[in-house]
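One-letter residues, chain by chain:
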Amino acid sequence: MDLQEITDEIVLIITQYGLDVIGALVILIIGFIVSKRVPAILIKIMNKRGIDPTVSGFLGSLTRFAIMAITLLLVLAQFGVQTASLIAVLGAAGLAIGLALQGTLSNVAGGVMLLIFRPMRVGQYVEVAGHGGTVKNVSLFTTELATPDNIQVIIPNGSVWGNAIRNFSFHPTRRMDLVMGIAYEDDIDKARDIMLRLIEADERSHKEPAPLIEIAELADSSVNFTVRVWCDNGNYFPLKFALTKAIKQAFDKEGISIPYPQRDVHLIKED
């Protein structure tokens, strides 16, 4: 092969593949720029809307990988590679990986939903998936609680999002319920006035909604009052403990008895 033939072959190769190479380079450059700017814009928008940085960073990285994958497929198509079969193989591989990591992906999906919709926040007391405690951390995979006796509980996010969440700290106010029993011989109105006086004297109890003190049950051994008082969320337990003690002491002082459970047994003598 002489020099002229070599030159003609090079020109032919450049003519056939030069435009493809240039097109592939252009696609790569555009894809690289888009993979940088689009995720950054998405992250900026999500941060402005108050979405957790963990979620915005995760979704931004996911978007970047998706753009790069599309760019790679376009480059291969530029050189005449049949991408349909490649996409099918990648889809099958993705399905297999998804099935193998079904539990993990479920936890990630639950974590994303928890961090976007925020049904609970760090520092709030919640009950979820059979556990109660103060929220310490919510990540993409798990939610960490601390029980009232300071035991760490880590729950997979799939279980958290898939169950009812009771958030005791969500609203600023909360209703406190007590059941107080008095003897059948005691003065009902007097007992009610004592409890109402103690509730109104405690500044932690709200005037609106007004406290409710009503007879709820004529039990076996006592007449039971239902006592309902609204208070600030943070005062729930201090007020409950204080009122329980104050009512007991006031009943003792005023001669109102809190009866023990009792049962009358009648013996019948058979001749």
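Model, not experiment: these values are computed from the prediction.

A. Representation of the pattern of salt bridges in the model. For the structure shown, the criterion picks out 6 salt bridges. With a shortest N-O distance of 3.2 Å, E127 and R166 are connected by a salt bridge. Within this pair, whereas E127 is found in strand β1 (residues 125-128), its partner R166 is found in strand β5 (residues 165-167), the two being separated by 39 residues in sequence. Since its relative accessible area comes to 30%, E127 is described here as partly exposed. Linking D252 and K248 is a salt bridge whose minimum nitrogen-to-oxygen distance equals 2.5 Å. Within this pair, D252 and its partner K248 are both found in helix α7 (residues 236-254), separated by 4 residues, close to a single helical turn.

B. Local environment of the sheet that holds strand β7 (residues 212-218). With antiparallel pairing, 3 strands are arranged side by side in an open sheet as β6-β8-β7. Of all the strands in the sheet, just β6 (173-182) and β7 have a single pairing partner and so form its edges. Recorded for the sheet is a direction-independent mean angle of 25° between the axes of neighbouring strands. Note: β6 against strand β8 (residues 223-232), 10 bridges, orientation antiparallel. Paired with G181 across the two strands is N224, which belongs to β8.

Rules behind the numbers
- Residues numbered from 1 in each chain as written.
- Predicted model: local features only at pLDDT ≥ 70, side-chain atom pairs only at ≥ 80, totals over all residues.
- Heavy atoms only, no water.
- Salt bridge = Lys/Arg side-chain N within 4 Å of Asp/Glu carboxyl O.
- Helix = DSSP H or I, 4+ residues; strand = E, 2+ residues; numbered from the N terminus.
- Buried < 20%, exposed > 50% of the residue type's maximum accessible area, 1.4 Å probe, protein only.
- Pairing = 2+ DSSP bridges.
- Axes fitted to C-alpha atoms, helices over the stretch in contact; angles between N-to-C directions.

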